[in-house]
Amino acid sequence: MTEDPFVAHRSLLFTVAYEMLGSATDAEDVLQESWLRWADVDHSQVSDPRAYLVRVVTRQALNRLRTLSRSREEYVGEWLPEPLLTSPDVAEDVELAESVSIAMLTVLETLGPTERAVFVLREVFELPYGEIAEAVGKSAAAVRQIARRAREHVAARRPRMQVSRSEQQAVVERFLAALRTGQVRELLDVLAPDVVLVADGGGLAAAARAPVYGAELVAALLARPDRMVSAVWLNGAPAGRIEVDGQLAAVSLVVENGRVTRIHAVANPRKLTRLDDPAELAR
C-alpha cells in the first residue's frame with residue numbers, strides 16, 4: 001500500500017506549524033486538526049498532496065496564532081519559544097537550523113500572524129507566491145509586499161553575525177564549563193560585556209521576569225556551584241540543559257566574536273516536555 005501523504009510529509013508539516021507558532025505543543029494540536037480535515041477530503045481529487053497539506057496546516061496555524069497572540073499578552077514575564085531536542089544532523093541544513101533557532105523564533109514573535117506565515121513559507125520553505133497566497137487568503141501581489149516587509153523586519157532584528165558550527169560549539173562548551181564551576185571570573189571571560197539574559201519561567205518556575213543586561217549582572221545571577229550541567233542539541237544548535245534543586249532549564253546561546261551575546265533560558269516546565277526524544281524536522 002502507498003503511504004498516506006499526511007504521514008509521508010508529517011515532519012515537514014510539523015516544522016511549518018512549529019515555526020509559525022514557536023510551540024511544539026500547539027504545533028501538534030494543529031497537526032491533529034489538519035489530519036481530521038485531510039481525512040474528510042477525497043484524496044483522488046488532490047493533485048498535489050504536499051502543497052494541499054501545507055495550505056491546510058498554514059490555515060490552522062494562523063487560526064491558532066491569532067488566538068495565542070491574545071493569551072501571550074497576559075503571559076507572566078518574558079515569553080520564549082518551546083525548545084526542541086534535535087539531532088546534530090539538523091545543523092547540516094544550515095538554513096533549516098537557523099530558521100528553527102530560538103533566536104530566530106524569538107524574532108518571528110515580533111511579526112504579525114500573516115507576516116510570519118508568509119515569511120516562513122517563502123524564506124524557509126521557498127514556496128511560490130501563488131501557493132502562499134492560497135494558504136493565507138491574499139493575492140499574490142499582496143503576498144510579495146508582505147514578504148518584502150517581513151524580510152526587512154527580520155533582517156533588522158536577527159543576530160548581526162553568523163558564526164560557524166565549530167565556533168558556536170566551542171563557545172557553548174566554554175560557557176557550560178564556567179557554569180559547572182560557578183565562578184564569576186570564568187563566566188565573565190566567556191560573556192560579551194553587553195550580554196543579555198532573557199528567561200522564561202511562565203510564573204511556574206523561578207526566573208527573572210525582565211531581561212538582565214550586562215556581563216557582571218548576568219554572571220552574578222548565573223554563578224552557582226550547585227547545579228548539574230550537560231550539553232545537548234536544541235533547535236539545531238549546541239546548547240545546555242541545567243538542573244538546579246530539581247528545577248530544569250534549557251539554555252540557548254547567541255555567539256558573536258567568540259563570546260556569548262545573548263542567553264535564552266527556558267524554565268517553564270510546560271515547555272520542557274520534549275527534551276528526551278529528538279524532534280523530526282524537515283523542509
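Further up the page is the structure itself.
For clarity, every value in this text was computed on a predicted model and none was experimentally measured.

Reading guide: rules and limits
- Residues numbered from 1 in each chain as written.
- Predicted model: local features only at pLDDT ≥ 70, side-chain atom pairs only at ≥ 80, totals over all residues.
- Heavy atoms only, no water.
- Helix = DSSP H or I, 4+ residues; strand = E, 2+ residues; numbered from the N terminus.
- Expected span 1.5 Å × (residues − 1).
- Buried < 20%, exposed > 50% of the residue type's maximum accessible area, 1.4 Å probe, protein only.
- Arc of directions from axis to C-beta.
- Phe/Tyr/Trp six-rings, centres within 6.5 Å; stacked < 30°, edge-to-face > 60°.
- Core = buried A, V, L, I, M, F, W, Y, C linked by side-chain atoms within 4.5 Å.

**Digging into helix α10 (residues 165–181)**
In a regular helix each residue adds 1.5 Å, so 17 residues correspond to 24 Å; α10 covers 25 Å between its end C-alpha atoms and thus fits that length. By the burial criterion, the buried members of α10 are Gln-168, Val-171, Val-172, Phe-175, Leu-176, Ala-178 and Leu-179. For α10, the arc enclosing every buried residue in end-on projection is 155°, short of the 170-degree limit, so these residues lie on one face. The positive-phi residue at the C-terminal boundary of α10 is Gly-182, with phi of around 70°.

**With respect to the packing of aromatic side chains**
Taken as a whole, this structure holds three aromatic pairs when the rule is applied. Between Phe-6 and Trp-35 the ring centres are 5.3 Å apart and the planes differ by 65°, which places this aromatic pair in the edge-to-face class. Pair noted here: Phe-6 is in helix α1 (residues 5–8) and Trp-35 is in helix α3 (residues 24–39), with a separation of 29 residues, a long-range link. For Phe-6, a relative accessible area of 5% gives the class buried. Overall, the relative accessible area of 33% leaves Trp-35 in the partly exposed class. Seen from their ring centres, Phe-14 and Tyr-18 are 6.0 Å apart, and the 5° between their planes marks the pair as stacked.

**Brief notes about the nonpolar core**
Counting residues in each nonpolar core, the largest one holds 51 residues, and the members touching the most others are Phe-14 and Leu-108. Mapped onto this core, the elements with two or more residues apiece are α2 (10–21), α3, α4 (49–72), α6 (102–108), α7 (113–124), α8 (129–136) and α9 (140–157). Sort the elements by how many residues they give to this core and α2 lands first, with eight residues. With 27 residues, the next largest nonpolar core counts Phe-175, Val-212, Val-251 and Val-255 among its residues.

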